[in-house]
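# Coordinates in review
As a plain string of letters, each chain reads:
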Amino acid sequence: MAEKKEKGNATVLFFIRGILVLLLNLIFYAIVIFGAAEACKISYSFANEVFGDVMAEPPPGQNRTFVIAEADDSLSIAKNLERDGIVHNAYSFYIRLRLSLSDKNVVVAGTYELNTSMTYKEILEKIVKGVSG
């Protein structure tokens, strides 16, 4: 009789263990799927900022004077543009800026009148100039 009771308890424990393992697996895979979906959304949003027509504010926006010094590198320019509210994200603008630079295109130091509703492309058309060489 005691053997039957122990066997019954072992069977119940086996089923409880199986249910717990199943639940933990479901939770784990739900977290993985949710994380992957969030990573895809963030990646898509960032890529859209790099290659799309993104602006800091909807038109008409606000005019801002922006100064680029000779010593400024691409990342500091992007961070200063974000700080001044001219671009939405410094890092996406930085990547777009680096992609637009070449031996024939450089960022020209100077003072620029930029608007918060300008797209990255419009900003780059103002601050990046072609050089003859």
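Predicted model, so just to flag it, every value in this text is computed and none were measured.

## Some words on the side chain of Asn80
Residue placement: Asn80 occurs in helix H2 (residues 74-83). Leave out the neighbours within four places in its chain, and Asn80 touches Phe66 and Asp72.

## Topic: the environment of Ala109
Residue position: Ala109 is located in the loop between strand E2 (105-107) and strand E3 (110-115). C-alpha of Ala109 to C-alpha of Glu70: the two residues are 39 residues apart in sequence and 5.3 Å apart in space. In this structure Ala109 touches Ile68, Ala69 and Glu70, once residues within four positions along its chain are discounted.

## A closer look at the pattern of salt bridges
Summed over the entire model, instances satisfying the criterion amount to two salt bridges. Between Glu38 and Lys41 there is a salt bridge; the shortest N-O distance is 2.9 Å. In this pair, Glu38 and Lys41 are both assigned in helix H1 (residues 2-51), three residues apart and thus about one turn of the helix distant. Accessibility expressed as a relative area gives 27% for Glu38, which makes it partly exposed. Taking relative accessible area as the criterion, Lys41 reaches 53% and is therefore assigned exposed.

## As for H2
The periodicity of an α-helix, 3.6 residues per turn, causes residues three or four places apart in sequence to face the same way. Burial in H2 covers these residues: Ser74, Ile77, Ala78, Asn80 and Leu81. Along the long axis of H2, the arc covered by the buried residues comes to 165°, so they all point the same way. Where H2 is buried, its residues touch strand E1 (63-68), helix H3 (90-100), E2, E3 and helix H4 (120-127).

Quick notes on the rules
- Residues numbered from 1 in each chain as written.
- Predicted model: local features only at pLDDT ≥ 70, side-chain atom pairs only at ≥ 80, totals over all residues.
- Heavy atoms only, no water.
- Helix = DSSP H or I, 4+ residues; strand = E, 2+ residues; numbered from the N terminus.
- Contact = heavy atoms within 4.5 Å.
- Salt bridge = Lys/Arg side-chain N within 4 Å of Asp/Glu carboxyl O.
- Buried < 20%, exposed > 50% of the residue type's maximum accessible area, 1.4 Å probe, protein only.
- Arc of directions from axis to C-beta.

Limitation: the analysis is restricted to geometry and does not speak to function.
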